[in-house]
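Commentary on secondary and tertiary structure
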Amino acid sequence: MKLAHLLLPLVSLSGAVLAQDAATEARFVKNARQLTLDGKRSGEGYFSANGRKLVFQSEREAGNPFYQIYLMDLESGDVSRVSNGTGKTTCAWLHPDGKRLLFASTHEDAESKEKQDAELKLRIDGKQRRYAWDYDEHYEIYEAGTDGSGLKNLTHSLGYDAEGSYSPDGTMIAFASNRHVYATPPSAADQERLKEDRQHFMEIYTMKADGTEVKRLTEVPGYDGGPFFSADGKRICWRRFNEAGDKAEIWSMNADGSDQRALTKLGAMSWAPYFHPSGQYVIFTTNLQGFDNFELYLVDAAGTHDPVRVTTTAGFDGLPVFSPDGTKLSWTSGRTPEKTSQIFLAEWDHAAALAALGLTAGGAPSVSAKPPVPELAPEISAADLRAHVTYLASDALDGRLTGTEGERLATAYVAGALEKFGLDPAGTDGFYAPFDFTAGVELGAGCRLAAGAEEFKVRQDWMPLSFTTTGEVPAAGIVFAGYGMELPMEGKEPGYSSYFHLDVKDKWVMALRYVPEGLSAEQRQKFTQFSSLRYKAMTARQHGAKGILFVSGPNSKVREQLVGLSFDASLAGSGVAAVSITDAVAEKLLAKSGKTLKALQDELDKGEPVAGFPLPDEVKLGGLLDVQQEKRTGRNVAAVLKSAFPQAPALLIGAHVDHLGREFNGNSRATEAEKGQIHHGADDNASGTAGMMEIAQWMAAEAAAGRLQLKRDVIFAAWSGEEAGLLGSASWARTLAKQAGDENGKLTTRLAAVLNMDMIGRLDKTVILQGLGSSDFWKPEIEKRNVPVGLALTLQSDTYAPTDTTTFYPRGVPILNAFTGSHEDYHRPTDTADKINYPGAEKISRLMGLIARTLATKDEVPAWKEAKSSEQQGQRSSMRVYLGTIPDYSQGDIVGVKLSGVSPVGPAGKAGVKGGDVITGLAGKEIKNIYDYTFLMSAIKVGEETDITVLRDGKTITLKITPVSRD
């Protein structure tokens, strides 16, 4: 479809070069010929359903310098104009019935004739502008007969409505539009961007063929456009630009907008995709060879193969389409003698395309196709582990971030392998168990912030934070509160409060980030515990503030004054409007108080409390905060080795298959030079996934040979979303518990035990086995099964390892996790397949396999054991009290802290708190999220009774709880 600055001046080529290029292109296209000759330029030719006609756009009217729509009869050569000759037109498409078509036009714009005349005058005066598409807001999509009669407006919406195409059955239209930014008054920032970059607001929509039931399918900043249906009508391909607008990739999705996935990752300007009728691959345009050298490329429909180049002629080749039978290719090219763009037609070699992409006829059209699994030995072997890890940690999987194409490829590979080993599907969707989650946050379109008449620019002057409340914030006064901190007294050590004698109710608090610069090392360590932005926001909220403004201050010497809009895995807001502002904005707000930010920070940096103060009454701040959550779908893999005893509790063997992609949630340890690179995750956790697969293949082979008499089913699972908070295993466990009648209940009757492997690829001296405190079964069993393996062992009783076993232990299931320890490459792009100790991983897999064999062939199940442990979330060492609660870190956007379980012998259990409760208050303070809970845990005292408030079955319950020491 349309793209600004695409049709660029073309380089003149000699006949020899043209002959060489033609020979290269003949691999795919043969007998190419120029189809359109007339007019200044022609393009975007689309076939009728029977392949006998071609609708296209062309500049060939003497009185109109803009495109009009024409219909060409490919059997007679007759050409007729369909549009009425007024205004601009684009993007035509023939209905499958052959009697009507659609196209976009501005002819109803009252100024359309004036715009035509103005453009003609420019050309007459020799001042023609460089070709660029203007995304005129008066474009509407019209339906007409093939002779132009019966013209009917289908869209009726201000904004650019164009790039339309019918579904194969003719019932639906997919199109692109920026209508949403015109639907409500745009913010000042959006108004400015609209003047320069209308395409930024483009999204994909569908509607019925009569223009009703309009549905928006995409909601990502940047241009989404050019949608086309696959021949079966199930998928839509389109191009998606980044927010900067300088790069685009090819995407596909289901026709309802679900399962959006990138097919290319070229880092260039890739656009105009079109499905081959077979559904096996997509052809598209890209400037991978250079900014002004657009060529045609192919990519398979699943995006698993590197794209393959089709055309090789310098200059512009783009907008490709296949004939309905797939034997011809039409495209727009500047390879004409006049170097103008015209439509070309050639014979297409489908077999050559399949061969180039490694496909077979009819063999792999599906985006859910499973990557090929190599031939593997039935026994557990280092060579097979290497094969699995090498694929899973390859560049092609792009770091396996949950909800991305890399994760889908990884899970498809695991599912294909388990199926090949002879296991049966055990997911909610065949071998897969999909789950929805929030993958990140994006700045919404309506953000604004103003002090009186002065409006500040989002991204430049200020940014909302991911945990802000959203919506309209009425103008309110501002109170400067220093570093915005409160530290409790500890023995004879004095506390610290930025709020002493300060009234901030229903006002904004302006607070500096970090801690006072002049603190001693010992003081800094103490202050830092209370310095996080979330803690400061919670403190402001507890004092009644409406919002908080974070400013860095000149003494902090930050590289970036604004806090980035990063996703931190807690979806509940802080309960206040939370905004980052620049020092310059802070100085403007402080100006009327007669104070400067530098002088205030200098005084505060001495480390002693300094009284805050309200800004003058006339200084008020208000606006609209709009932060959108990005929703994605991840998927686990689940397969079962069936026994004759399906009612017996099953053995579960798992590993997490996801990793960090190119950097996720601040979990990356990449150096500055490594940022943005693929985090391969060979050890974390391709190694554990490979070990799980090897055990599955070995046990399946043993069972098939009659050497394994199963007394229970054995479930093998590859979890996704582990790095984002155990999302996949938690979702699966909830589903299993719900089937048993209680989503928050135990799984004792469903699972006998859980074996897990997370990072088993860096064996040095010993392998660490975690979770021995969950059952007395483990030690004697490990002792026996390690005799033939001979591993040096480190045994740990802690039942709350930072991996997927933590999902299952609170639900009454004994757990055991294998781990070889952290290392320098942990969560860095340097965690690559060549660094794995494959013989060591083989030994660990053999040990876990032998333990699995025992568990699978015994009538008895291990007895679960209550093990006292502290609350989790990585700050255990800083907590002084123990309540015995187990937060559910996959709770989503629930306000409060949902509990996945409660220790029956801990203070919470004794107080009457239950699994499934949502904690909303502690010690008289409101709790909005896990961060509030963690902070308040550090403030309550051992042995001192306090209140805990929970939400249970829609009712608020307040209970008395007495914390005990965690030691």
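On a predicted model such as this, the values are computed, not experimentally measured, just so you know.

**Re the overall build of the protein chain**
The secondary structure content of the protein chain amounts to 18 helices and 52 strands. The C-alpha atoms of the protein chain give a radius of gyration of 32 Å, which matches the 30 Å a tight globule of 967 residues would have. The burial tally for the protein chain puts 58% of its 967 residues in the buried class. Looking at the protein chain alone, contacts between residues at least 24 apart form 67% of all its contacts between residues at least 6 apart. Split by element, the accessible area of the protein chain, about 37,900 Å² in all, is 50% carbon and sulfur. The centroid of the 105 positive side-chain charges in the protein chain is displaced by 3 Å from the centroid of its 124 negative side-chain charges.

**What to know about the sheet that holds strand β19 (residues 281-286)**
Sheet architecture is open: four strands sit in the order β18-β19-β20-β21, paired in antiparallel fashion. The open sheet has two edge strands, β18 (270-275) and β21 (308-309), and neither has a second partner. Here strand β20 (residues 295-300) pairs with β21 via two bridges, running antiparallel. The residue of β21 that forms the bridge with Leu 298 is Val 308.

**Here's the deal with the packing of aromatic side chains**
Inspection of every chain in the model, using the stated rule, returns 30 aromatic pairs. Put simply, the rings of Tyr 135, Tyr 139, Tyr 160, Tyr 223 and Phe 241 touch in pairs and so form one group of aromatic residues. Sitting above the plane of the Tyr 205 ring, Arg 179 keeps its charged end 5.6 Å from the centroid.

**A few points about helix α10 (residues 583-590)**
Three or more residues of α10 are buried, namely Asp 583, Val 585, Ala 586, Leu 589 and Leu 590. Relative to the axis of α10, the buried residues are bounded by an arc of 160 degrees and lie together on one face.

**As for the pattern of salt bridges**
Inspection of every chain in the model, using the stated rule, returns 48 salt bridges. In this structure, the salt-bridge partner of Arg 335 is Glu 25, at a minimum N-O distance of 2.8 Å. Linking Arg 335 in the loop between β23 (328-333) and β24 (342-348) with Glu 25 in helix α1 (residues 15-25), this pair joins segments that are 310 residues apart in sequence. Notably, a salt bridge pairs Glu 405 with Arg 261, separated by 3.6 Å at the nearest N-O pair. Pair noted here: Glu 405 is in helix α7 (residues 405-420) and Arg 261 is in strand β17 (residues 261-262), with a separation of 144 residues, a long-range link.

**Considering the sheet that holds strand β10 (residues 161-166)**
If you walk across this open sheet you meet the four strands as β10-β11-β12-β13, and the pairing is antiparallel. Each edge of the open sheet is held by one strand with a lone partner, namely β10 and β13 (215-216). In terms of strand pairing, β10 meets strand β11 (residues 172-177) through four bridges, oriented antiparallel. From the neighbouring strand, Ser 165 faces β11, where its bridge partner is Ala 174.

**Remarks on the confidence of the model for the protein chain**
When the pLDDT values of the protein chain are averaged, the result is 87; 91% of them are 70 or greater. Scored below 50 in pLDDT, residues 1-23 makes 64 contacts in the model with residues more than four places away or belonging to other chains. Low pLDDT, under 50, characterises residues 869-879; the predicted model gives this stretch 35 contacts beyond four residues in sequence or across chains.

**Description of helix α12 (residues 682-704)**
When the terminal C-alpha atoms of α12 are compared, their 31 Å separation across 23 residues agrees well with the 33 Å that a helix rising 1.5 Å per residue should span. In terms of burial, α12 is a largely internal element, 20 of the 23 residues being buried. Trailing α12 by a residue or two, Gly 706 shows a phi angle of about 80 degrees, which is positive.

**Focus: the packing of α12 against helix α16 (residues 838-857)**
To describe two helices that pack against each other, one gives the angle between their axes and the distance between the axes. At a minimum axis separation of 10 Å, α12 and α16 run at an interaxial angle of 45 degrees. For the element pair α12 / α16, the angle class is oblique. Crossing hand, α12 versus α16: right-handed. Contacts from Gly 691, Ile 695, Trp 698, Met 699 and Glu 702 of α12 reach α16 at Ser 845, Met 848, Gly 849, Leu 850, Ala 852, Arg 853 and Ala 856. Across the contact of α12 with α16, the residue classes tally to seven nonpolar, three polar and two charged.

**Quick look at the pairing of strand β50 (residues 946-952)**
When you tally the buried positions in β50, you get five out of seven residues, the bulk of the element. For strand β48 (residues 918-922) and β50, the ladder comprises four bridges, and the chain directions are antiparallel. Following the sheet pairing, Gly 921 is matched in β50 by Thr 949. Pairing analysis gives seven bridges linking β50 to strand β51 (residues 955-961), with the strands arranged antiparallel.

**Details of the nonpolar core**
Within soluble globular proteins, side chains that are nonpolar tend to cluster in buried spots. Counting 69 residues, the largest nonpolar core has Ile 653, Met 699, Phe 716, Leu 755 and Trp 778 as the members making the most contacts within it. At 10 residues, α12 tops the list of elements feeding residues into this core. Those residues within four positions of Leu 755 in sequence are excluded, and the remaining contacts are Leu 651, Leu 652, Ile 653, Gly 654, Trp 778, Leu 816, Met 848, Ile 851, Ala 852 and Leu 855.

**A few points about the pairing of strand β30 (residues 471-480)**
A regular strand carries its side chains on alternate faces of the sheet. Here β30 pairs with strand β37 (residues 620-625) via five bridges, running antiparallel. Within β37, the residue paired with Glu 472 across the bridge is Leu 624. Pairing of β30 with strand β36 (residues 613-614), which is carried by two bridges, proceeds in the antiparallel orientation. Bridging across to β36, Val 479 finds its partner in Pro 614.

**Things to note about the state of the cysteines**
One pass over the full model with this rule turns up zero disulfides. Unpaired in terms of disulfides, Cys 91 finds its nearest cysteine sulfur in Cys 237, a separation of 14 Å.

**Looking at the environment of Lys 592**
Looking at the element boundaries, Lys 592 is found in the loop between α10 and α11 (597-604). Between the C-alpha atom of Lys 592 and that of Ala 451, which follows or precedes it by 141 residues, the distance is 12 Å. The contacts of Lys 592, once residues within four sequence positions are left out, are Pro 616, Glu 618 and Val 619.

**Section: the side chain of Ser 556**
On the secondary structure map, Ser 556 appears in the loop between β34 (547-551) and β35 (577-581). Excluding residues that lie within four positions of it along the chain, Ser 556 makes contacts with Tyr 514, Glu 517 and Gln 601.

Parameters and conventions
Residues numbered from 1 in each chain as written. Predicted model: local features only at pLDDT ≥ 70, side-chain atom pairs only at ≥ 80, totals over all residues. Heavy atoms only, no water. Helix = DSSP H or I, 4+ residues; strand = E, 2+ residues; numbered from the N terminus. Rg over C-alpha atoms; globule rule 2.2 N^0.38 Å. Buried < 20%, exposed > 50% of the residue type's maximum accessible area, 1.4 Å probe, protein only. Contact = heavy atoms within 4.5 Å. Areas by Shrake-Rupley, 256 points an atom, 1.4 Å probe, with all protein chains shown as cover. Lys, Arg positive; Asp, Glu negative; His and termini not counted. Charge placed at Lys NZ, Arg CZ, Asp CG, Glu CD. Pairing = 2+ DSSP bridges. Phe/Tyr/Trp six-rings, centres within 6.5 Å; stacked < 30°, edge-to-face > 60°. Lys NZ or Arg CZ within 6 Å of the ring centre and 35° of its normal. Arc of directions from axis to C-beta. Salt bridge = Lys/Arg side-chain N within 4 Å of Asp/Glu carboxyl O. pLDDT = per-residue confidence, 0-100. Expected span 1.5 Å × (residues − 1). Axes fitted to C-alpha atoms, helices over the stretch in contact; angles between N-to-C directions. Parallel < 35°, antiparallel > 145°, perpendicular 65-115°, else oblique. Left-handed = near helix turned anticlockwise from the far one by under 90°. Nonpolar A, V, L, I, M, F, W, Y, C, P; charged D, E, K, R; others polar. Core = buried A, V, L, I, M, F, W, Y, C linked by side-chain atoms within 4.5 Å. Disulfide = S-S within 2.5 Å.

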